[in-house]
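Understanding the architecture of this molecule
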Amino acid sequence: MIGARSLPSIALVASLLASTPARADYIGPSYVEIPGVDGGARHPVFRNWVQAEANYWTSRPARREIRGISGKESGLKFTGPTSPASGPSMLALSVAKNSPGLARLMEICRSGTVLAQVGYAESADLARHIQEHGPRPADVPEFYRYTLSNVRLSCPVAEGAPEQAFALNFEGITRINHAPQPKPRVITTKPAVLPPAPKGGEGRTFLVSWFAPIADANDRQCLQMNRKPTQDEYYALMSPERAAQQKAALASKGGANTVVLPYRGPDEMNVILLPGIVADPGHVAPQADIVRGFDLDGNDGTAPFPASTRPHPNYTSPDGRKGIDNQLFTVQGCIAGWRRNGFLPMIGNELRRAGGLSMLVDVSSVEDWRNDDDVAVTLLYSADPMKRDGSSKIVLPDYSFRVNANPEFSQSFARFRGKIVNGVLTTNAHPKVTMHEGPATTWTLAEARMRIEFGEDGTMKAVLGGYRDWRKYLSSAFFQASDYENTIGFNSPGMYNAVRRAADGLKDPISGEYTGISAAYEIEGIPAFIPPEDRQALGKGGQFKARK
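None of the values given here were measured: they were computed from a predicted structure.

Conventions we followed
Residues numbered from 1 in each chain as written. Predicted model: local features only at pLDDT ≥ 70, side-chain atom pairs only at ≥ 80, totals over all residues. Heavy atoms only, no water. Disulfide = S-S within 2.5 Å. Helix = DSSP H or I, 4+ residues; strand = E, 2+ residues; numbered from the N terminus. Buried < 20%, exposed > 50% of the residue type's maximum accessible area, 1.4 Å probe, protein only. Salt bridge = Lys/Arg side-chain N within 4 Å of Asp/Glu carboxyl O. Polar contact = N/O pair within 3.5 Å; in protein donor to acceptor, adjacent residues only side chain to side chain. Contact = heavy atoms within 4.5 Å. Core = buried A, V, L, I, M, F, W, Y, C linked by side-chain atoms within 4.5 Å. Pairing = 2+ DSSP bridges. pLDDT = per-residue confidence, 0-100. Phe/Tyr/Trp six-rings, centres within 6.5 Å; stacked < 30°, edge-to-face > 60°. Lys NZ or Arg CZ within 6 Å of the ring centre and 35° of its normal.

Where two cysteines share a covalent bond between their sulfur atoms, that bond is called a disulfide. Considering all chains together, one arrives at two disulfides under this definition. Shown here is the disulfide that connects C109 with C155, its sulfur atoms set 2.1 Å apart. Of note, the bridge from C109 to C155 carries an S-S torsion of about -100° and is left-handed in sense. Taken as a pair, C109 in helix α2 (residues 102–111) and C155 in the loop between β6 (143–154) and β7 (163–170) lie far apart in primary sequence, 46 residues in all. Residues C109 and C155 agree in their burial class; the two are buried.

Written out as structure tokens, the structure is:
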């Protein structure tokens, strides 16, 4: 989650969020067609093309701009491709070492052959700006397609890397099914259609005062924390002459800074954008057996895993439930900046408290708060800011919050059905829940569900779990390149390989790859209210619209 942040200072966040020219943060499949190369890709449109695992355009792409830290700028936009308008230029790719087409690609590369034409296709959804949300416009193709002309390959090798780097140096570029789009397009969307809530009963509304990934299980879960990349890693793959030249050039800047540190791959290629092209530096995983989350796959470890799930370690929840799936915990649990007192959760929650988008959890249709077999839980948003006491540290309870009718947020309203047993509410699974976690973070959980415990003081504590698309998760995590590596405390290639190993769900029926990683988030809420007319409208179901 890129929106969640440490409280060193909001000034530090602002310095990281300065606007810069756009670049692509594209982790996920794209496809290359080279005459005479059977790449084995299974995609029905690009069958037997070569599948690439990540890409970027131009040799030194700038970081994408961050569109503000206040959350006031709309994310209902669709950015077009970041490919260059014309050649000559370069497309960088990584190809898995087990790709059927790799051997032939290496032969072509090493021969120095100039290819008259190369076909290329990249996903429009993966190529868009990570802070955008909302539907892809009807006139935007699923894949942007190109023909590159007069292409010469270079293929620097890093020993032990799981993926092979390629630079496609081309003289010309032709867009087949799209035109250049210099600026993001403003798009529109519609409010979500909520099912009606069960009739009768009473309700309670909670203002979310804390939201963060579950990255803490116990005080001793990490023998050591993950580390940021070192200076030595930047120079490691350079020739002695080039390393000496760079050390001299960077000496006055304190060595390799976060501007150049991403370019520590072979031939100084970018390992934030192609994180598989260097040997895996390793990633420290937490040691824990008791972890909060959900049994998402219906497997408690006593039977073979279902075909839709990659085998993985199961946890036990603090209340004794077996088969807990929370593989994102294995990635984030020993990264200092993702722990509860780390950079990301602290700043993300502080920005929400300081006037950002308010998140609400509404529990309705309850006849008995101890045991009830049919209740509704609705995730909502409000444009009304939280209220804090004079110290600005404590969020005040018992305020009213109008439900946000702006389709940018009402498109993401989600209603669960659930039941209460012995005072604990558990919901059924919801196919897709989109969370507006903060100004830089909107993301989706598939097969989402909730578990809520109610406090005697009127507060609540909840867990929200499901599967995140690991490719979009990493694009968010790597959004600000080595600034995030240094501030949060991770090494991008190590984290990339850890996430790929941990991906355990959302198996793609065509490729057979697991595109989801199980995850769980902790929520704390305080008593709040929504206007009676809003509650009445929500109870009826349908689209929530602004009152006239």
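Still more ground to cover, so stick around.
Across all of its chains, the model carries 24 salt bridges by this definition. D362 is paired through a salt bridge with R535; the nearest N and O atoms lie 2.6 Å apart. Linking D362 in strand β12 (residues 358–366) with R535 in helix α12 (residues 532–540), this pair joins segments that are 173 residues apart in sequence. A residue is classified by how much of its surface remains accessible, and D362, at 3% relative accessible area, is buried. With a relative accessible area of 27%, R535 lands in the partly exposed category.

This part takes up the side chain of S94. Inspection of the secondary structure assignment puts S94 in strand β4 (residues 89–96). Using a relative accessible area of 0% as the deciding quantity, one classes S94 as buried. There is a polar contact of 2.9 Å between the side chain of S94 and the side chain of E163. Contact partners of S94, with chain neighbours within four places excluded, come to A52, E53, A54, E163, Q164, L274 and I277.

Summarising burial for helix α10 (residues 481–489): seven of the nine residues are buried, a large majority. Every buried residue of α10 is accounted for by A481, S482, D483, Y484, E485, I488 and G489.

What follows deals with the nonpolar core. Note that soluble globular proteins tend to have their nonpolar side chains buried in a common cluster. Formed by 86 residues in total, the largest nonpolar core has its most connected members in M450, I452 and M495. Looking at this core element by element, the count peaks at seven residues for strand β20 (residues 514–528). In this structure, L115, V118, A124 and V151 belong to the second largest nonpolar core, which totals 35 residues.

It is worth spelling out the pairing of strand β15 (residues 424–427) at this point. Pairing analysis gives four bridges linking strand β14 (residues 414–421) to β15, with the strands arranged antiparallel. If you follow V421 over to β15, its bridge partner there is V424. Once β14 ends, the chain turns through two residues before running back antiparallel as β15, passing N422 with a positive phi of about 55°. Pairing of β15 with strand β17 (residues 441–454), which is carried by three bridges, proceeds in the antiparallel orientation.

To continue, consider the confidence of the model for the protein chain. Mean pLDDT for the protein chain: 92, with 94% of residues reaching 70 or above. The low-confidence segment residues 1–22 (pLDDT under 50) makes 81 contacts with residues lying over four places distant or belonging to another chain.

Turning next to the packing of aromatic side chains. According to the stated counting rule, one finds 21 aromatic pairs in the structure shown. A ring pair is formed by W57 and Y120, whose centres lie 5.8 Å apart and whose planes are at 80°; its orientation type is edge-to-face. With W57 in strand β2 (residues 50–57) and Y120 in strand β5 (residues 114–123), this residue pair connects regions lying 63 residues apart in the sequence. Three or more aromatic residues joined by ring pairs make a cluster, and in this case those are Y31, F46, W49 and F143. For the cation-ring pair, R60 lies above Y263, with the distance from its terminal atom to the ring centre recorded as 3.8 Å. The ring of W369 has R204 sitting right over it, with the charged end atom 3.8 Å from the ring centre.

Another aspect to go through is the pairing of strand β18 (residues 460–469). Along a regular strand, successive side chains alternate from one face of the sheet to the other. In terms of residue burial, β18 counts as a mostly covered element, since nine of its 10 residues are buried. As defined by bridge partners, β17 adjoins β18 across eight bridges and the pair is classed as antiparallel. In the strand pairing of β18, E453 is matched with K461. In this antiparallel pair of consecutive strands, β17 and β18, the connection spans five residues, and G458 shows a positive phi of 90°.

Note that the residue after G87, namely P88, is joined by a cis bond; omega there is 0°. Even without being a glycine, N422 presents a positive backbone phi close to 55°. At L506, a position not held by glycine, the phi torsion is positive, near 50°. Along the chain, L506 turns up in strand β19 (residues 505–507).

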